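Secondary and tertiary structure notes
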Amino acid sequence: MTPWLIYPQTNGPQANAAPTNSTAEFRLFCFPYSGAGASIFRTWAAPLAPHIEVVAVQLPGRETRRKEPLFANLPALIEALTPALLPYLDRPFAFFGHSVGALISFEVARQLRRVGHSPPVQLIVSSRPAPQLPAATPPIHHLPDADFLAALQRYSGTPAIVLENADVMNVFMPILRADLAMNETHVYQPEAPFEFPIAAFGGRQDAQVSQASLARWSEQTSADFQIELLPGNHFFLKEQKMAILHHIAALEQFMAKVGIVP
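Criteria and thresholds
Residues numbered from 1 in each chain as written. Predicted model: local features only at pLDDT ≥ 70, side-chain atom pairs only at ≥ 80, totals over all residues. Heavy atoms only, no water. Helix = DSSP H or I, 4+ residues; strand = E, 2+ residues; numbered from the N terminus. Buried < 20%, exposed > 50% of the residue type's maximum accessible area, 1.4 Å probe, protein only. Areas by Shrake-Rupley, 256 points an atom, 1.4 Å probe, with all protein chains shown as cover. Arc of directions from axis to C-beta. Salt bridge = Lys/Arg side-chain N within 4 Å of Asp/Glu carboxyl O.

1. Side note on the overall build of the protein chain
Scanning the protein chain for helices and strands turns up 8 helices and 7 strands. Out of the 262 residues belonging to the protein chain, those deemed buried represent 50%. Per element, the accessible surface of the protein chain, about 11800 Å² overall, is 56% carbon and sulfur.

Given below as structure tokens:
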């Protein structure tokens, strides 16, 4: 097994078996937001049908990979991550990414196209403006610690009790800085739009990601595009998990409609 992938629950009769032996017919690869690890998706598999397998991407420098060097450069991450995914793309799959995870999943999908691999059934992005848009706010990953912590508060995703705990932040600050560096130094390169659908989700109270900036993801596909706003801020995902999973469950109907047979 690769350290890049964590299986919160292997669905199907062969639960806890190696992924390549899984009876799952469809895989959902989940890319976490800044500072997070694969564990944020630990409860996602249970509500889904047995034939849908959740595969959480585990980036270096956190949780089970905490002793490994962090990536602060997105192209370098994509170059390392994509080959690790290839053996597990042996059946229909979709990508879901939240915030910086949306950007990572987008660039992995592009890299798969470059190497001639079959595409995901759908790209599902959450709480991230379309990648071709310029940043709406100045970068923060390079700020001094005090200013960096103050800037984090505007995202409303890190509890004050955590931000004020020096020991905890000594662990998480390097991870947050590296993830934000990948996001903030990303240089968009124009390419042809995807030929598979994209769905974009956002929080109605998200002060960083507007509905208009989410809607611009439509320019990245020549196929269907959906957008949905849910109650919550930038990290609405924590409270609105079931809405996302409902959409993912509906992909089965979409696959049948377009003739994709797991």
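2. Regarding helix 3 (residues 145–152)
If you check which residues of helix 3 are buried, you get F148, L149, A151 and L152. Buried residues of helix 3, seen end-on, are gathered within an arc of 160° and therefore sit on one face of the element.

3. Thoughts on the pattern of salt bridges
Counted according to the given criterion, the structure contains 10 salt bridges. Close ionic contact of D90 with R27 constitutes a salt bridge, the shortest N to O distance being 2.8 Å. You can see D90 sitting in the loop between helix 1 (74–85) and strand 4 (93–98) and its partner R27 sitting in strand 2 (residues 26–31), a full 63 residues away along the chain. Accessibility expressed as a relative area gives 0% for R27, which makes it buried. Several salt bridges converge on common partners, so that one network encompasses R27, E53, D90 and R91.

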